[in-house]
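This is what each chain is made of:
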Amino acid sequence: MDHPPVEYVWHEGPVPAGLPVTQVSGWLICPLTGRVLIQEHDDGTFSLPGGTPEPDDAGQYATLAREAFEESQVRIAPAAAYLGYQEVRQPGRPVIAQVRMAGIITQFTPRAPDPDNGRLNRRYMTSLAAAPGVLGWGQPAEAQAQGAARIARQWGLPVDHPTADGYED
């Protein structure tokens, strides 16, 4: 049985009022290597650190900081840049928004299982140019990575000359 495809539409502006935000994820960059963190799951899939906003989170930055630590045991700088949102259209379901931000990793702590699901994610570090291919998300990821690269350059991060890909385990 074929399922209609999910459609992802990237927007660089603010999330419209009334469109629920179900996820906040980040393009988190190491300031020393210029590489971005991509989580590798035990099933061979990849994702950005992030997750569902919780009532106790004081905004999108708080959600991103909490999820980055829970999922990948990294701490991020006290400010992150809003990049935009991905509109998710799935037949038979309400339209939702997934926010994307850029942030700077300030610390890698020892890996530990995610308290939500017990998974121990690997921390794959790659260039912003290569990350969309690793994620396999197509054009929306390419646009997000380009936005993250613009912000990272403004922050003075070496994203145009990152070190070689590898794991930060």
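Coordinates for the structure precede this section.
For clarity, every value in this text was computed on a predicted model and none was experimentally measured.

Colleague: Tell me what's going on with the layout of surface pockets, and back it up with residues and numbers.
Modeller: As a volume, the largest pocket reaches approximately 320 Å³. Around the largest pocket, the lining is made up of 20 residues, and of these Gln23, Phe46, Ser47, Arg100 and Trp137 lie nearest the centre. Secondary-structure elements contributing two or more residues to the lining of the largest pocket are strand 2 (21–29), strand 4 (46–47), strand 5 (50–51) and strand 8 (96–108). A per-class count over the lining of the largest pocket returns five nonpolar, 11 polar and four charged.

Colleague: Residues and numbers for the pairing of strand 9 (residues 122–126), please.
Modeller: Counting buried positions over the five residues of strand 9 gives four, a clear majority of the element. One ladder, built from five bridges, connects strand 3 (residues 36–40) with strand 9; its direction is antiparallel. Across the sheet, the residue bridging to Leu37 is Met125, located in strand 9. Across two bridges, the pairing between strand 9 and strand 10 (residues 166–167) is antiparallel. Bridge pairing in strand 10 links Tyr124 to Tyr167.

Colleague: Tell me what's going on with the environment of His11, and back it up with residues and numbers.
Modeller: Within the fold, His11 resides in strand 1 (residues 7–11). Residue classification places His11 among the partly exposed positions, given a relative accessible area of 24%. Every residue in contact with His11, bar those within four places of it in the chain, is listed here: Leu83, Gly84, Tyr85 and Glu87.

Colleague: Please set out the nonpolar core residue by residue, giving values where relevant.
Modeller: The nonpolar side chains of soluble globular proteins are, as a tendency, buried together. Among the nonpolar cores identified, the biggest contains 23 residues, and Trp27, Ile29, Val36, Ile38, Leu83 and Leu128 are the most heavily contacted of them. Of all the secondary structure elements, the ones that give two or more residues to this core are strand 2, strand 3, strand 7 (81–89), strand 8, helix 2 (131–135) and helix 3 (139–154). Excluding anything up to four places from it in sequence, Ile29 contacts Gly34, Arg35, Val36, Gly103, Ile104, Ile105, Leu128, Ala148, Ala152, Leu157 and Val159. Formed by 15 residues, the second largest nonpolar core is a distinct cluster that contains Leu64, Ala68, Ala97 and Met125.

Colleague: Provide a residue-level description of the pairing of strand 2, including the pertinent values.
Modeller: In this structure, strand 2 lies alongside strand 8, joined through eight bridges in parallel fashion. Opposite Leu28, over in strand 8, you have Gly103 as the bridge partner. For strand 2 and strand 5, the ladder comprises two bridges, and the chain directions are antiparallel. Across the sheet, residue Ser25 finds its bridge partner in strand 5, namely Gly50.

Colleague: Quick one: what's the story with the side chain of Glu70, residue by residue and with numbers?
Modeller: Summarising the element assignment, Glu70 is placed in helix 1 (residues 60–72). Accessibility expressed as a relative area gives 17% for Glu70, which makes it buried. The residues touching Glu70, leaving out its near neighbours within four places in the chain, are Pro113, Asp114, Pro115 and Asp116.

Colleague: Can you tell me about the packing of aromatic side chains, naming the residues and giving the values?
Modeller: Taken as a whole and judged by the stated rule, the model has two aromatic pairs. A connected cluster of aromatic rings, assembled from ring pairs, spans Phe46, Tyr124 and Tyr167. Over the ring of Phe69 we find Arg75, and its NZ or CZ is 4.0 Å from the ring centre. Cation over ring: Arg122 sits above Tyr167, and NZ or CZ is 3.7 Å from the ring centre.

Colleague: Give a description of helix 1 that names residues and reports values.
Modeller: Taking 1.5 Å per residue as the helical rise, helix 1 with its 13 residues ought to reach 18 Å, and the 18 Å between its terminal C-alpha atoms agrees with that figure. Every buried residue belonging to helix 1 is among Thr63, Leu64, Arg66, Glu67, Ala68, Glu70, Glu71 and Ser72, and all of these are buried. Gln73 sits one or two positions beyond helix 1 and adopts a positive phi of about 55°.

About the thresholds
Residues numbered from 1 in each chain as written. Predicted model: local features only at pLDDT ≥ 70, side-chain atom pairs only at ≥ 80, totals over all residues. Heavy atoms only, no water. 1 Å grid on protein atoms, 1.4 Å probe; cavity = no way out; pocket = protein on both sides within 12 Å on 5 of 7 lines; lining within 4 Å. Points joined across faces, edges and corners; volume = space filled by probe spheres on them. Helix = DSSP H or I, 4+ residues; strand = E, 2+ residues; numbered from the N terminus. Nonpolar A, V, L, I, M, F, W, Y, C, P; charged D, E, K, R; others polar. Buried < 20%, exposed > 50% of the residue type's maximum accessible area, 1.4 Å probe, protein only. Pairing = 2+ DSSP bridges. Contact = heavy atoms within 4.5 Å. Core = buried A, V, L, I, M, F, W, Y, C linked by side-chain atoms within 4.5 Å. Phe/Tyr/Trp six-rings, centres within 6.5 Å; stacked < 30°, edge-to-face > 60°. Lys NZ or Arg CZ within 6 Å of the ring centre and 35° of its normal. Expected span 1.5 Å × (residues − 1).

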